[in-house]
Amino acid sequence: MYQMSQTKNEIVGIYAVWYREFKVFLREKSRIVSSVINPILWLFIFGAGLGSSINISGLNYQAFIFPGILAQVVLFSSVFYGVYIVWDRKIDFLKEVLVAPISRTSIFIGKVLGGATDAMIQIIILLIFGWIFGLVGLIPGLHITLFTGIGALFVLFFTTVSLTSVGLILGSQMESPEGFQLISSFLLFPIFFLSGALFPLNNLPVWLGSLTKLDPMTYTVDAARHIILGTSQYGLGLDLIVIIAFMLVMIWLGTYAFEKMKL
Amino acid sequence: MQIIKTENLTKKFNGFTAVDNLNLEVQEGEIFGLLGPNGAGKTTSIMMLTTLLKPSSGTAKVNNFDIVNQPDAVRKSIGVVFQDPSSDDTLTGYENLKLHGLLYGMPADLREQRIKEVLKLVDLTDRRNDLVKKYSGGMRRRLELARGLMHHPKVLFLDEPTLGLDPQSRTTIWAYVQELAKKEKISIILTTHYMDEADQLCNRLAIIDHGKISALDSPSNLKKVIGGDVVLVKVENPNLDEIKKLDFVKKTQVHDGYVTLTVANASENLARILQTIGKVESVDVHLPTLNDVFLHYTGKEIREGSAEGGWGERVMSFRSRKN
Ligand SMILES: Nc1ncnc2c1ncn2[C@@H]1O[C@H](COP(=O)(O)OP(=O)(O)O)[C@@H](O)[C@H]1O
Ligand SMILES: [Mg+2]
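Predicted model only: the values in this text are computed from it and were never measured.

Rules and cut-offs
For every chain, the first residue of its written sequence is number 1, and the numbers climb from 1 along that sequence. Starting at A for chains and at 1 for ligands, labels are handed out in the order in which the entities are written. Confidence filtering applies because this is a predicted model: local features only for residues at pLDDT of at least 70, side-chain atom pairs given and counted only at 80 or more, and all residues used for totals across whole chains, interfaces and linings. With hydrogens and water stripped out, all remaining heavy atoms of the structure feed into the side-chain values. Going along the chain from the N terminus, every DSSP run of H or I of four or more residues is numbered as a helix, and every run of E of two or more is numbered as a strand. Exposure categories follow from relative accessible area, calculated using a 1.4 Å probe and restricted to protein chains: below 20% of the type maximum is buried, above 50% is exposed, and the middle band is partly exposed. Note on areas: these come from Shrake-Rupley sampling with a 1.4 Å probe, and a residue is covered only by the protein chains present in the view. Each metal's donors comprise the N, O and S atoms found within 2.8 Å of it (within 3.2 Å for Na, K or Ca). Water is not part of the atom list, so some coordination spheres may appear incomplete. Think of it this way: DSSP has to see at least two bridges between two strands before they count as a pair. To obtain an axis, a line is fitted to C-alpha atoms, over the contacting stretch when the element is a helix, and the angle between two such axes runs from 0 to 180 degrees between their N-to-C directions. Should any heavy atoms of two residues lie within 4.5 Å, those residues are considered in contact. By definition, the buried area sums, over both parts, the 1.4 Å-probe accessible area that each loses when the two are put together. Each salt bridge in this description consists of a side-chain nitrogen of Lys or Arg and a carboxyl oxygen of Asp or Glu lying within 4 Å of one another. We call two N or O atoms a polar contact when they sit within 3.5 Å, provided that within protein one can donate a hydrogen and the other can accept it, with sequence-adjacent residues counted only if both atoms are side-chain atoms. Asp, Glu, Lys and Arg are counted as charged, while Ala, Val, Leu, Ile, Met, Phe, Trp, Tyr, Cys and Pro are counted as nonpolar; the rest, among them Gly, fall into the polar class. Nearness is defined per residue: one heavy atom within 4 Å of the molecule or strand is enough. One confidence number per residue, pLDDT, is output by the predictor and ranges from 0 to 100. Take the buried residues of types Ala, Val, Leu, Ile, Met, Phe, Trp, Tyr and Cys, join any two whose side-chain atoms come within 4.5 Å, and each joined set is a nonpolar core. Comment on the angle field: the value is read as roughly parallel under 35 degrees, roughly antiparallel over 145, roughly perpendicular from 65 to 115, and oblique elsewhere. One less than the number of residues in a helix, times 1.5 Å, gives the span that helix is expected to have. The residues that make up patches have over 30% relative accessible area and no salt bridge, and they are joined within 9 Å when like-charged or within 5 Å when they are Val, Leu, Ile, Met, Phe, Trp or Tyr.

Draft legend 1. A look at the overall build of chain B. Scanning chain B from N- to C-terminus turns up twelve helices and 15 strands. Principal-axis analysis of the C-alpha atoms gives chain B an extent of 70 × 40 × 40 Å. Looking at chain B as a whole, 54% of its 323 residues qualify as buried. Carbon and sulfur atoms make up 48% of the accessible area of chain B, which totals about 13800 Å².

What follows is the structure, encoded as structure tokens:
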């Protein structure tokens, strides 16, 4: 039909899928607003409540949990993004995409990039808020610079790719949005609480310590904390190895799930 | 030339046969119909021909490519309008078409030109920048029709193109389908459970029930099979033995409280029939319709009302993607 190479078609196809996700994201303004307001409420209400009595390794508690809150946003936003594919299947929109002459791998990549864009926009807004809060002294000890901000963004991008893949894997196998909601909440809360987003990882009872080590989010929180606050449990090297390995495995599983996806 | 040829195309779902050894050929340039009631296997057939479902056995060629071994080449040759809404209602009409052009790798200038053309064809140019959410069911259907043929497919599949639409929108869609068949020189294969739709639009059609074809011909040839006028009588305890003795009665069929008779020269012979058959509640005399053809081959009528709910209802239940 058209005089384009297959590779170029696939790249344009990836762009097409991303284009649609991005347009929809921009149109659901209430979602963007709440996705930024909620973490800030966490930071101030939860952080202030506990923070009045806690001080961790010389850090203000709100500063300590800030990287954890960023990881929380990535976790919830990326995994819940998978529900949209369930909606696409409920009508025939998914068929419209699957019947197009592009590979399922490209559709998967486009979807992942769409979800990652959503999460990254939220993270950028929160980083700017964090920078302002530090600057005006609302959160003492939080000093975000352009350099650390971009560093954190990179680490969180890898994680959002992994987690969007997780969401899409779930979504590609589920028939009802309610089922998706149930399973992912069941999955997400333990992952969040075990990641060390809200508490330091040293001095934990052995059983809890082992569980946190199994949680892939632990390494994202640790890396973000290292970059933004200069304190970490495992060191950036190990964190990055785990983060990137997790991402590669999830991408691989995701392409497989899309290849096998039923209508 | 044949644009579609199926060879024993079959689909089983856990032992239940939805499409049973389908054999048919569609000629290039024709509008071909699959007419059958809900659950006949129409959508399943379309899903296989468009490579979205793998056949359990058998295969088909679309535009000379095999649906099992060359799905990519098949997908490049076809456009599809699915039974349920398949446009994104958080996007505008224009954005849905742009997305489609991108998915099909159309160069930007051709894409924009084509969007203009197809929007004009279905009279949606003025509404192109409105969200699809704000479209009526008929408008949304027209948009999807425009989208299906935007990338110049060789074959266009329409799965129940007017399901759930009001009568006026249905006639509009018919007019568009006829116009595009003429203008775009493509082959169209459509499914429907509406007799009048099949009659109006199709050059040839296959009557399908329980996954099998029971008859295949042009609508007029199919109606000729009936071989007379049709007299439909509502009557309790019909006196069938006496009726069958009348030489102008060619065929008798009893179905839920009604008797359908095929009669030579009904206008002259109606009185005799009514005297003979018993206590008549109501009577209807007409030229054969596809409904009569369907009854003739399957022993039952196609229910016109869609038990499936389908289109309109699905649009209503799918609001926005928000939870
Ligand atoms: N995915 C599926 N799993 C099990 N049964 C199915 C599936 N899809 C369709 N069927 C069954 O196959 C039959 C044919 O369905 P379908 O092709 O949708 O009919 P039509 O489009 O003619 O109304 C129906 O009895 C339907 O319930
Ligand atoms: Mg159907």
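The rest of the description comes next.
Draft legend 2. Representation of the coordination of the magnesium ion (ligand 2). Residue and element names in this part refer to chain B. Distances from the magnesium ion (ligand 2) to its protein donors, T43 (OG1) and Q83 (OE1), fall within 2.0 to 2.1 Å. Taken together, the positions of T43 in helix α1 (residues 42-49) and Q83 in the loop between β7 (78-81) and α3 (93-103) put the pair 40 residues apart, joining distant regions of the chain. A relative accessible area of 24% places T43 in the partly exposed class.

Draft legend 3. Here's a closer look at the sheet that holds strand β4 (residues 31-35) of chain B. All names here are of chain B. The sheet built from six strands is open, its strands ordered β7-β8-β9-β4-β10-β11 with mixed pairing. Here the strands that pair on one side only, and so sit at the sheet edges, are β7 and β11 (212-217). Averaged over all neighbouring strand pairs, the angle between strand axes comes to 15°, with direction disregarded. Contacts from helix α5 (residues 137-149) reach β7 and β8 (155-159) within the one sheet, and its direction differs from that of β7 by about 170°. In the packing of helix α6 (residues 167-184) onto the sheet, contacts are made with β4, β8 and β9 (187-192), and the angle to β9 comes to roughly 160°.

Draft legend 4. Representation of the interface of chain B and chain A in the model. Each partner contributes to the interface: chain B provides 39 residues, whereas chain A provides 36 residues. With both chains or domains summed, chain B and chain A bury close to 3700 Å², and 62% of this area falls on carbon and sulfur atoms. If you look at where chain B meets chain A, you find four salt bridges. A:R20 serves as the salt-bridge partner of B:D88, at 2.5 Å between the closest nitrogen and oxygen. Run the count over chain B and chain A and you get eleven residue pairs in polar contact (both at pLDDT 80 or more). Within the residue set of the side of chain B that touches chain A, elements represented by two or more residues are α2 (71-77), β7, α3 and α5 of chain B. When residues in the side of chain B that touches chain A are grouped by element, the largest group, six residues, is from α3(B). In the side of chain B that touches chain A, the residues fall into 16 nonpolar, twelve polar and eleven charged.

Draft legend 5. Quick look at the sheet that holds strand β12 (residues 229-235) of chain B. Residue and element names in this part refer to chain B. Read across the open sheet, the four strands follow the order β13-β14-β12-β15; overall the sheet is antiparallel. Each edge of the open sheet carries a strand with a single partner, namely β13 (249-255) and β15 (280-286). Put simply, the sheet's adjacent strands are angled 20° from each other on average, direction ignored. Relative to strand β14 (residues 258-263), β13 runs antiparallel, the two being bridged by six bridges. By the bridge assignment, Q253 is partnered in β14 with T260. Of the strands in this sheet, β12, β13, β14 and β15 touch helix α11 (residues 290-298), which is tilted by about 80° from β13.

Draft legend 6. Region of the structure containing the site of ligand 1. Residues and elements named next belong to chain B. Taken together, the residues surrounding ligand 1 are F13, F16, A18, P37, N38, G39, A40, G41, K42, T43 and T44. At a separation of 2.7 Å, an oxygen atom of ligand 1 approaches a polar backbone atom of G39. Residue T43 places a side-chain N or O atom 2.7 Å away from an oxygen atom belonging to ligand 1. Protein contacts shield 62% of the accessible area of ligand 1, which totals 550 Å² for the unbound molecule. Looking at the shell around ligand 1 residue by residue, the class counts come to five nonpolar, five polar and one charged.

Draft legend 7. Region of interest: the confidence of the model for chain B. All names here are of chain B. With 93% of its residues at a pLDDT of 70 or more, chain B shows a mean pLDDT of 89. Every residue in residues 305-323 is under pLDDT 50, and counting partners more than four places away or in other chains gives 41 contacts. The ipTM value of the predicted complex is 0.90, and its pTM value is 0.89.

Draft legend 8. Representation of the nonpolar core within the structure. Residues and elements named next belong to chain B. Residues I4, L103, F157 and I188 are the most contacted members of the largest nonpolar core, which totals 107 residues. It is α6 that contributes the most residues to this core, six residues altogether. Contacts of I188, omitting those with residues within four sequence positions, involve E30, I31, F32, L156, L158, V177, L180 and A181.

Draft legend 9. View of the packing of helix α1 (residues 6-27) of chain A against α3(B). Orientation of α1(A) relative to α3(B), taken along the N-to-C sense of each, is 160°, at an axis distance of 7 Å. Between α1(A) and α3(B), the interaxial angle falls into the category roughly antiparallel. Of the residues in α3(B), those touching α1(A) at A:V12, A:G13, A:Y15, A:A16, A:V17, A:Y19, A:R20, A:K23 and A:R27 are B:E95, B:K98, B:L99, B:L102 and B:L103.

Draft legend 10. Main features of the environment of A:I228. All names here are of chain A. Note that I228 resides in helix α10 (residues 216-229). Overall, I228 belongs to the buried group, its relative accessible area being 6%. The contact partners of I228, leaving out residues within four places of it in the chain, are F66, P67, L70, L127, L142, H143, I144, T148 and A152.

Draft legend 11. Region of the structure containing helix α6 (residues 104-135) of chain A. The end-to-end C-alpha distance of α6(A), which contains 32 residues, comes to 46 Å, matching closely the 46 Å that a straight helix rising 1.5 Å per residue would cover. Positioned one or two residues after α6(A), A:G137 has a phi angle of 80°, which is positive.

Draft legend 12. Structural view of the environment of A:F80. Residues and elements named next belong to chain A. Positionally, F80 belongs in helix α3 (residues 61-81). Sequence separation between F80 and S185 is 105 residues, and the spatial gap between their C-alpha atoms is 8.9 Å. Non-local contacts of F80, meaning those with residues more than four positions away in its chain, are made with F180, Q181, S184, S185 and L188.

Draft legend 13. Focus on a nonpolar patch on the surface. Together, A:I124, A:I128, A:W131, A:I132, A:L135, A:V136 and A:L138 line one region of the surface with nonpolar side chains, adding up to about 670 Å² of accessible area. Checked against the element boundaries, A:I132 lands in helix α6.

Draft legend 14. Representation of the pairing of β14(B) within the structure. Residue and element names in this part refer to chain B. When you tally the buried positions in β14, you get five out of six residues, the bulk of the element. Sheet topology places β12 next to β14; six bridges connect them, and they run antiparallel. Looking at β14, one finds that V233 is bridged to V259.

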